[in-house]
Amino acid sequence: MQPNSAAASRALVIQLARLGDLIQTLPVLDAVRHHRPGTAVDLLCAAPLADFVRAAFPVDRVLPWDGRQCRDWADTWCRDPSGTVQRLQRYIESLSPQGYDEAYNLNQHERAILAAHLLGRCVTGAGATGPLSTELGVWGDYLRQVACRRGNNRIHLADAFCGLCGVRPRGGTPSLRRGAETLPRDLQSIGRDEGDWAAIVIGAGDADRCVPPQAWTAWVETFLSIHERGKVVLVGAGGEREAAHAVQSSLASMHLARVWDATGRTSLPQLAEILSRCAWTIGADTGPLHIGTAVASCVIGFYFARARVHETGPYGTGHWVFQHQGGFPPSQWPIRASIELMLHGTASADAEWELWMSDLDEWGAFYVKASGDSDRDRFQRRKVWETLSPSLAGCNEHI
C-alpha cells in the first residue's frame, strides 16, 4: 500500500485479543500513523482494556468492544435474527456514527471481521476480501502456518501485524504514554528509594506458561543474597496473589524487607508506572512483560511451552530471552544465569536454555544468539517480506 495524497481522515485499527497482543499492536499504530500523516487513528479493543488504552496508547480515540454483549446476541440469533441484527447495528452506530474510511483488522475471527466491515468503508488485513470470505490473504495465511507448524519463523508477531495491514515496521520501539499515576501508599517508594529494582511478573495468561512459585522463590533468594542493593517487586493480577504469598512465605525473614507485593493491587496504568521505575522486568511470555518493554524497563523473558522468542519476544533493543530447549516442563530454571546477566552483562551457558538478545533493523525486531553463533535463519526475514509484500520490501527507507 502506497501513501495517497487524498488519504482519508479517519482510520480504525482493530485488536480484540488479550493484553500481550494489544501491546504488540504499538508498532502497527506507529506505522499506520506515519503512513497516513494527518489522519485520526482510533483503536477498537476489548472493553476491559479500554481505560488502559485511553490512558497510555498513542491513539486519538478508543472504542470499547463488549464481547459479553456480542456473545449474548449470538445466542439470540436463531430465535430473533432480524431483532439481533437491529440491536447489533445500533451498537455499531453507537461506537462510531460516522464510520471510518479504512479499518485495519488484526484479528482473524468472525467478530473482528464483522466489526471491520460495519465500521470501515475499506478493510485492510483479516477479512479484506469480504465479511463472509474464508480467504486469509498472504500475511494471514503466513500467520496461520506459523501457528500450526512453528518451524524457523523469524518474523516477530508485531511486524507480521504490520504486514497484515499493508505497512512496514519503522524500526523503532514505540512507547506507552505515562501519566502521573498515584500508587498505593506502601508502593510509592518503589523506584524512588535507592537500590537496583527488579519487577517479577508472577503469572501468565496461560497456565502452561507460568513459572512455578518455588522457582520465583529461589530467584528472589539468590538475587537478594548476592546483591545487597537489590530490591524486588512482585507484580500480577488478582489471580496471582496466592502465588505471590507463597513466594514471600518461603523467603528468609532477612529478605522480606526488600520485597514489595503489588499483585492484584494496581490498575494497568499503575502497573506500567511501577515497571517504568524498575531497571529490570523478569517473567514469562505474558502481557505485563511486554508492558515493561514499552516503558523502558530492560526485560528478561523465560520462554517455554509454546512461547517462542522469535515470534513474541520483548520488542525493541537490549532485551533478553532464555528460550527453553528441552521437554516441558523445564527441569531447571535459569536463575543464576539471569541474575549474572543483570549484574554483569554476561551469562554462563546452560544446556537446557538458549540465550537470545533483541535488536531492531529495517524489517522490525529480531533476536541474535548471545553465544555469537551464526543464525542463518535471521536473513529469512527479508525473503518473507519480499515474497509477501514486494512493494514494501522494495522501499529503500521506512514508509
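J.: Mind showing me how you'd approach the sheet that holds strand β3 (residues 61–65) here?
T.: Sheets are built from strands that pair by backbone hydrogen bonding, the pairs being arranged parallel or antiparallel. Sheet architecture is open: five strands sit in the order β3-β2-β1-β4-β5, paired in parallel fashion. The open sheet has two edge strands with one neighbour each: β3 and β5 (123–125). Ignoring strand direction, the axes of neighbouring strands in this sheet form an average angle of 25°. Here six bridges tie strand β1 (residues 10–15) to strand β2 (residues 40–46), and the two strands are oriented parallel to one another. Paired with Q15 across the two strands is C45, which belongs to β2.

J.: Whenever I open this one, the packing of aromatic side chains confuses me. Can you help?
T.: Here a ring pair, both rings aromatic, is described through the centre-centre distance and the interplanar angle of the planes. With the rule as written, the count across this model stands at 13 aromatic pairs. A cation sits over an aromatic face here: R168 above W363, 4.3 Å from the ring centre.

J.: What is the right way to look at the layout of surface pockets in this model?
T.: Its boundaries defined by the atoms lining it, the second largest pocket holds a volume of some 610 Å³. Looking at the second largest pocket, it is lined by 27 residues, and the ones nearest its centre are W65, C70, W73, L88 and L114. Mapped by element, the contributors of at least two residues to the lining of the second largest pocket are α4 (67–76), α5 (81–95) and α6 (110–119). With six residues, the top contributor of residues to the lining of the second largest pocket is α5. Across the lining of the second largest pocket, the residue classes break down as 16 nonpolar, seven polar and four charged.

J.: Would you mind going over the pairing of strand β12 (residues 353–361) with me for this structure?
T.: Within a regular strand, side chains alternate between the sheet's two faces. Note: strand β11 (residues 320–324) against β12, five bridges, orientation antiparallel. The residue bridging W320 from the neighbouring strand is M357, located in β12. Linking β12 back to strand β13 (residues 364–369) in an antiparallel pair, the connection comprises two residues.

J.: Looking at this structure, how should I read unusual backbone geometry?
T.: The phi torsion of most residues other than glycine is negative, and most of the peptide bonds are trans. Phi is positive for A296, which is not a glycine, with a value near 70°. Position of A296 among the secondary structure elements: in the loop between α13 (287–294) and β10 (298–303). A296 sits in the exposed class, given a relative accessible area of 72%. Unlike most non-glycine residues, A305 shows phi in positive territory, near 55°.

J.: Is there a simple way to think about the pattern of salt bridges in this case?
T.: Per the stated rule, a full pass over the model turns up 19 salt bridges. We note a salt bridge from R192 to E273, for which the minimum N-O separation is 3.6 Å. Residue R192 is located in the loop between α8 (157–164) and β6 (196–201), and its partner E273 is located in helix α12 (residues 268–277); the two are separated by 81 residues in the primary sequence. Of the residues examined, R192 reaches a relative accessible area of 54% and is grouped as exposed. Here E273 falls in the buried class, since its relative accessible area comes to 5%.

J.: Any chance you could explain the side chain of H324 here in plain terms?
T.: Within the secondary structure layout, H324 lies in strand β11. At 2.6 Å, the side chain of H324 and the side chain of E352 are in polar contact. Discounting residues that sit within four places of it in the chain, H324 has contacts with Y303, F304, P330, E352 and W353.

J.: What's the story with α4 in this structure? I'm lost.
T.: Helical periodicity: at 3.6 residues per turn, an α-helix aligns residues three or four positions apart in one direction. The complete set of buried residues in α4 reads C70, W73 and T76. Buried residues of α4, viewed axially, fall in a sector of 115°; they line one side. When the buried face of α4 is taken as reference, the exposed residues oriented beyond 90 degrees from it are R68, R71, A74 and D75. The N-cap residue of α4 is D66: its side-chain oxygen and the backbone nitrogen of R68 are 3.3 Å apart.

J.: Would you explain the nonpolar core in this entry?
T.: In terms of nonpolar packing, the biggest core is built from 60 residues, with F57, W139, L176, V233, I274 and I291 touching the most fellow members. Not counting residues up to four positions away in its chain, the partners in contact with I291 are L19, I23, F52, L176, L268, L271, A272 and L275. With 34 residues, the next largest nonpolar core counts A284, F322, I335 and I339 among its residues.

Thresholds applied
- Residues numbered from 1 in each chain as written.
- Predicted model: local features only at pLDDT ≥ 70, side-chain atom pairs only at ≥ 80, totals over all residues.
- Heavy atoms only, no water.
- Pairing = 2+ DSSP bridges.
- Helix = DSSP H or I, 4+ residues; strand = E, 2+ residues; numbered from the N terminus.
- Axes fitted to C-alpha atoms, helices over the stretch in contact; angles between N-to-C directions.
- Phe/Tyr/Trp six-rings, centres within 6.5 Å; stacked < 30°, edge-to-face > 60°.
- Lys NZ or Arg CZ within 6 Å of the ring centre and 35° of its normal.
- 1 Å grid on protein atoms, 1.4 Å probe; cavity = no way out; pocket = protein on both sides within 12 Å on 5 of 7 lines; lining within 4 Å.
- Points joined across faces, edges and corners; volume = space filled by probe spheres on them.
- Nonpolar A, V, L, I, M, F, W, Y, C, P; charged D, E, K, R; others polar.
- Buried < 20%, exposed > 50% of the residue type's maximum accessible area, 1.4 Å probe, protein only.
- Salt bridge = Lys/Arg side-chain N within 4 Å of Asp/Glu carboxyl O.
- Polar contact = N/O pair within 3.5 Å; in protein donor to acceptor, adjacent residues only side chain to side chain.
- Contact = heavy atoms within 4.5 Å.
- Arc of directions from axis to C-beta.
- Core = buried A, V, L, I, M, F, W, Y, C linked by side-chain atoms within 4.5 Å.

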